Amino acid sequence: MAAVAKNLRAEAEDGEPQQNAVPGLESQRWQIENGEDGRERPLRAGESWFLVEQRWYKQWEVYVQGGDKDSSTFPGCVSNAKLFEDEVNWHLKKGLVEGEDYVLLPAAAWHYLVSWYGLKHGQPPIERKVVELRGICKVEVYPVELLLVQHSDMETPHTAQFSHTDSIGEVLRTAREQFLVSPQEETRLWVRNAEGSFERLCNTRVTVLDAALKSGQLVVMETRSKDGTWPSKQPRAVSATSKEDENFQGQPGICGLTNLGNTCFMNSALQCLSNVPQLTEYFLKNRYLEELNFCNPLGMKGEIAEAYADLVKQAWSGHHRSIVPNVFKTKVGHFASQFLGYQQHDSQELLSFLLDGLHEDLNRVKKKEYVELCDAAGRPDHEVAQEAWQNHKRRNDSVIVDTFHGLFKSTLVCPDCGNVSVTFDPFCYLSVPLPVSHKRVMEVFFVSMDPRRKPEQHRLVVPKKGKISDLCVALAKHTGVSPERMMVADVFSHRFYKIYQLEESLSSILDRDDIFIYEVSGRSSITENTKEDVVLPIYLRERTPARDYNNSYYGLMLFGHPLLVSVPRDRLSWDALYHILLYRLSRYVTKPSSDDEDDGDEKADTEGKNGIPKPGNGGAAGSAQDPVPEQAGPSSGVAGGSRALADNSPGPSHWPQRARRKHLFTLQTVNSNGTSDRSNLNEDTQAQPYIAIDWEPEMKKRYYDEVEAEGYVKHECVRYVLKKAPVRLQECIELFTTVETLEKENPWYCPSCKQHQLATKKLDLWALPETLIIHLKRFSYTKFSREKLDTLVEFPIRDLDFSEFVIKPQNESAPELYKYDLIAVSNHYGGMRDGHYTTFACNKDSGQWHYFDDNSVSPVTENQIESKAAYVLFYQRQDVARRLQPKPQQGSSDPPESPACDSPPKPELMDIN
């Protein structure tokens, strides 16, 4: 029997029925039904089975069971005519049922039957694959029939059949073959859903079943344009500018990015990253397509990687002067809510997010295993470092790790027990501190007690962590006034925002604050029981008519600079205070003339018998000659006090005294804001009284010189330009690797002491990446202040040598492993709350440096790159640079001169976002 089966297999392979070699009917029945290749054997995934019409098969069974070769029950050639809808396209009928309409035979059994009986002329065999779906093998009688079309020709579909287990990549390969797409062109697929809209088939590794594709669905193949864009992303209405740029051909990579509104930070980060050669080549050569990770829970489903790839391909197509990164901006905002909207952000923060997002979207590790971090425990450094890096790669393996990740050595020492903990940790960039000066420059205005002297502007150098007393001591060196005779105040909106005590910290004063330092004869407040002079805060207010129903209401508006005035405690009266203030204001308040005084005599009759103007709610000064009661109304603001006579009032002795002097202003006690009157001190006996000088508009116009009042002079110290000494980048790196003590907010748990300790910590560089990103920490944040350090950091364009910083045993025969060349710089111009980001970058193809300012790009020379604006530096290791970058041709002429780093962008031309 085995010999018979062997002969049948040989005949089946020939494909032609050979009557003289056909076995007996019983042998046929056994071979087809029960043999090792018969229809009763189990299904195996991937093999082919064939459909045979049920009617023909039943006829064959009757024939072989009869045992007579010459019987009239001979079935004839194998025919599946009843299974087809027509004999043109040979489409299988819908709804066929196994056992009723057809039987299934394995490939060998099918070929035996065809070799013995032949196949009806013209009929194709109905071959179907065995697939394993959810652990069960079955013959896929009805594969998925998809209609394939090109994006450029949606009206000409091509029908193709696919198994449910075929990948979307197989569908894409079939479409590319059908439409004759060259291997260099990039394509992607869309499918039309039941609602009529199109969805991307992003993951080419999933199966047709998992993608939920059904027979009859339209699948569109889209081919990327030469300019790097996708036709589906182009707007239907093309502007005139776009038409002009259709045939533009420029240097690849020399392409600006449109500012969408405060997105210069994003543009700067993208331009830097786009000019990292090996990363850009990775995207341009489509290597990212095979590594897109759509199932990483830490990733962005491949969307960030695809959006970035689109930008790179457009920028490096050479067909754009500038591109609009709105799709990328939308994707970033979707996955990182802090970048939603159009607020200004930090280019380094976006860069950190982007590198992490690209890493997770392109992570080759599909399922991350749990890895336990181990301490050195006395083992050799090289062994611990190797273990740490292998553990890192077990969970993180991507082009970002290959390009940007290095290894730190972290050493912690317990201050109590001396326990040493050594770990090795990966890093993506170095955030290096700048050497910070312990001094601070502050600008203040000094107000002398001498009314003839204008306020002086001073520039003082004080300890950064000093006190208010240090500020007074520094000013005393310029003025000769003792620090004990000074009071410091923050003036804001014509009032005292705060009056400082000597022991308060200078850190509470911001650079933008207006600080006034007043000369006083004492420091006592009116509530203190001392013999020292009393210091009174003085505000200036003007009465302004406000519209009311009866037009009788008067508003009061603050103006000018407030004063701190020393008043002898034994002369605390409204009359004495009036003359003291008149003397202090004498530089810009004109004394009344004789005619003015006569006018005052006539007007005095309307003021009341004691010479106090009525509109001030009793807050006027009494007559200089007439004895009047001390209280000048319910809001005198002076507790007790003796009568103040004319000869007690301060002021120039040559000012004439008349029986009825005209009063230029009235006085009123107010609160610290100067906005409401206080009837008397009993409301708050501990509160410092504030005095307001209230002016009538007409009197202010006649006697108050606003120009003179606002005048000030600059002390010679202001003319000095305080230059900050530049620092070398190597100094910043040394500072980064310096031993430091942990802060109270971030203690370390010592496993030996079993408690949290303020341990000493030291970071060392063990292994450096191909591309090293160095972030200069220019922005400083404290509890009271934020500042930007505009120190010039001198960094080399070539040959930055890290051999002195890397502690791993070095390969002396390969010094290029520790030397780096600069390839890009992210710049920040301006201050903390407003500023502008730009980029210097070296083109990987030409070796030429360019300056990227949003959509503007211009060539620059190397001596223009170093500036105080440098914020993030990109360095390429020399061995990688030699492998990837062609050297620029010798003798090439320098590019056209463009603004130097210190000048671009010039302040008057700079676009502040």
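Up top you'll find the structure we're talking about.
Reading the values: rules and limits
- All residue numbers refer to position in the chain's written sequence, counted from 1.
- Residues qualify for local features only when their pLDDT is at least 70, as the model is predicted, and side-chain atom pairs are given and counted only at 80 or more; totals for whole chains, interfaces and linings, by contrast, use all residues.
- Side-chain metrics in this entry use all non-hydrogen atoms of the structure; hydrogen atoms and water are not considered.
- An axis is simply a line fitted to the C-alpha atoms; with a helix, the fit covers only the stretch in contact. Between two such axes, the angle follows the N-to-C directions and lies from 0 to 180 degrees.
- Going along the chain from the N terminus, every DSSP run of H or I of four or more residues is numbered as a helix, and every run of E of two or more is numbered as a strand.
- To sort the angles, those under 35 degrees are grouped as roughly parallel, those over 145 as roughly antiparallel, those from 65 to 115 as roughly perpendicular, and the leftovers as oblique.
- Take the far helix as your reference; a near helix turned counterclockwise from it by less than a right angle gives a left-handed crossing, and one turned clockwise gives a right-handed crossing.
- A contact between two residues is defined here by any heavy atoms of the two lying within 4.5 Å.
- For this scheme, ten residues count as nonpolar: Ala, Val, Leu, Ile, Met, Phe, Trp, Tyr, Cys and Pro. Four count as charged, namely Asp, Glu, Lys and Arg, and the remainder, Gly too, count as polar.
- Take the number of residues in a helix, subtract one, and multiply by 1.5 Å to get its expected span.
- Note on exposure labels: buried denotes an accessible area under 20% of the residue type's maximum, exposed denotes more than 50%, and partly exposed covers the range between, all computed with a 1.4 Å probe on protein chains only.
- Polar contact is defined as a pair of N or O atoms within 3.5 Å, subject to the rule that within protein one atom must be able to donate a hydrogen and the other to accept it, and that residues adjacent in sequence are counted only when both atoms are side-chain atoms.
- Two strands form a pair only when DSSP identifies at least two bridges running between them.
- For this analysis, a salt bridge means a side-chain nitrogen from Lys or Arg found within 4 Å of a carboxyl oxygen belonging to Asp or Glu.
- Only protein atoms enter the 1 Å grid used here, on which a cavity is any set of points holding a 1.4 Å probe that cannot leave and a pocket is any open set flanked by protein within 12 Å on both sides along at least five of seven lines; residues with an atom within 4 Å of a point are listed as lining.
- Grid points are joined across faces, edges and corners, and a volume is the space filled by probe spheres set on the points.

What exactly am I supposed to notice about the packing of helix H9 (residues 303–315) against helix H11 (residues 347–361) here?
To describe two helices that pack against each other, one gives the angle between their axes and the distance between the axes. Here H9 crosses H11 at 110 degrees, and the two axes come no closer than 8 Å. With respect to H11, the axis of H9 lies roughly perpendicular. As H9 runs across H11, the sense of the crossing is left-handed. Along its contact with H9, which presents Glu303, Ile304, Ala305 and Tyr308, the element H11 presents Phe353, Leu354, Gly357, Leu358 and Asp361. Of the residues contributing to the contact of H9 with H11, the split by class is six nonpolar, one polar and two charged.

Just checking my understanding: could you explain H11 for this structure?
An α-helical turn contains 3.6 residues, so any two residues separated by three or four positions project in the same direction. Compared with the 21 Å implied by 1.5 Å per residue over 15 residues, the 21 Å span of H11 between its first and last C-alpha is a close match. Of all 15 residues in H11, twelve are buried; the element is thus mostly enclosed. Taken as a whole, H11 has its buried residues at Ser347, Gln348, Leu350, Leu351, Phe353, Leu354, Leu355, Gly357, Leu358, His359, Glu360 and Asp361. The distance from a side-chain oxygen at the start of H11 to the backbone nitrogen of Gln348 is 2.7 Å, and the residue carrying that oxygen is Asp346.

In this structure, what is going on with helix H7 (residues 264–274)? I would like to understand it.
Burial runs high along H7: eleven of the eleven residues are buried. Here H7 has its buried residues at Cys264, Phe265, Met266, Asn267, Ser268, Ala269, Leu270, Gln271, Cys272, Leu273 and Ser274.

Quick question: what am I supposed to make of the pairing of strand S19 (residues 515–519) here?
Successive residues of a regular strand alternate their side chains across the two faces of the sheet. Of all five residues making up S19, five are buried, and the element is well covered by its neighbours. Side chains Ile515, Ile517 and Glu519 project from S19 onto one buried face, and the interleaved Phe516 and Tyr518 project onto a second face that is buried too. Note that strand S17 (residues 486–492) and S19 share five bridges and pair antiparallel. When the sheet's bridge partners are listed, Asp490 is paired in S19 with Ile515.

Help me understand the packing of H7 against H11 in this model?
Interaxial distance between H7 and H11 falls to 8 Å at its minimum, and their mutual angle equals 50 degrees. Looking at the two axes, H7 sits oblique to H11. Along this stretch, H7 crosses H11, giving a crossing that reads as right-handed. Every residue of H11 that contacts H7 at Phe265, Met266, Ala269, Leu270 and Leu273 is listed here: Ser347, Leu350, Leu351, Leu354, Leu355 and Leu358. When its residues are assigned to classes, the contact of H7 with H11 shows ten nonpolar, one polar and no charged.

What am I meant to see in the environment of Asn203 here?
Position of Asn203 among the secondary structure elements: in the loop between strand S8 (198–200) and strand S9 (218–223). Put simply, Asn203 and Leu292 are 89 residues apart on the chain and 7.8 Å apart in space, counted from C-alpha to C-alpha. Ignoring any residue separated from it by four or fewer positions in sequence, one finds Asn203 in contact with Ile168 and Phe294. There is a polar contact of 3.0 Å between the side chain of Asn203 and the backbone nitrogen of Arg205.

Just to check I follow, could you spell out the pattern of salt bridges for this structure?
Close approach of charged atoms allows side chains with opposite charge to pair. Counted according to the given criterion, the structure contains 41 salt bridges. Put simply, Glu61 and Lys58 hold a salt bridge, and the shortest N to O gap is 3.6 Å. A residue pair is termed a helical-turn pair when its members lie 3 or 4 positions apart in one helix, as Glu61 and Lys58 do in helix H3 (residues 54–66) at three residues. The exposure class assigned to Glu61 is buried, which follows from its relative accessible area of 15%. In this structure Lys58 comes out as partly exposed when scored by relative accessible area, which is 43%. With a closest N to O distance of 2.6 Å, Glu504 and Lys498 form a salt bridge. Judged by its relative accessible area of 32%, Lys498 is partly exposed. The network of salt bridges with common partners includes Glu291, Arg364, Lys393, Asp397 and Asp402.

Help me understand empty space enclosed by the protein, please; the structure alone is not making it clear to me.
Here the idea is plain: a probe the size of a water molecule rolls over the atoms and shows the empty space left. Using the criterion set out here, one finds eight cavities of 30 Å³ or more in the structure. Looking at the lining of the largest cavity, the elements that each hand over two or more residues are S19, strand S21 (554–567) and helix H18 (706–710). With four residues, S21 is the single largest residue contributor to the lining of the largest cavity. A class-by-class count of the residues in the lining of the largest cavity yields eleven nonpolar, three polar and five charged.

Would you explain the pairing of S17 in this entry?
Taking burial as the measure, the seven residues of S17 include six buried ones, the bulk of the element. In terms of strand pairing, S17 meets strand S18 (residues 495–499) through four bridges, oriented antiparallel. Of the residues in S18, the one forming a bridge with Phe492 is Arg495. Counting the residues in the hairpin turn of S17 and S18 gives two residues, including Ser493, whose phi is positive at 55 degrees.

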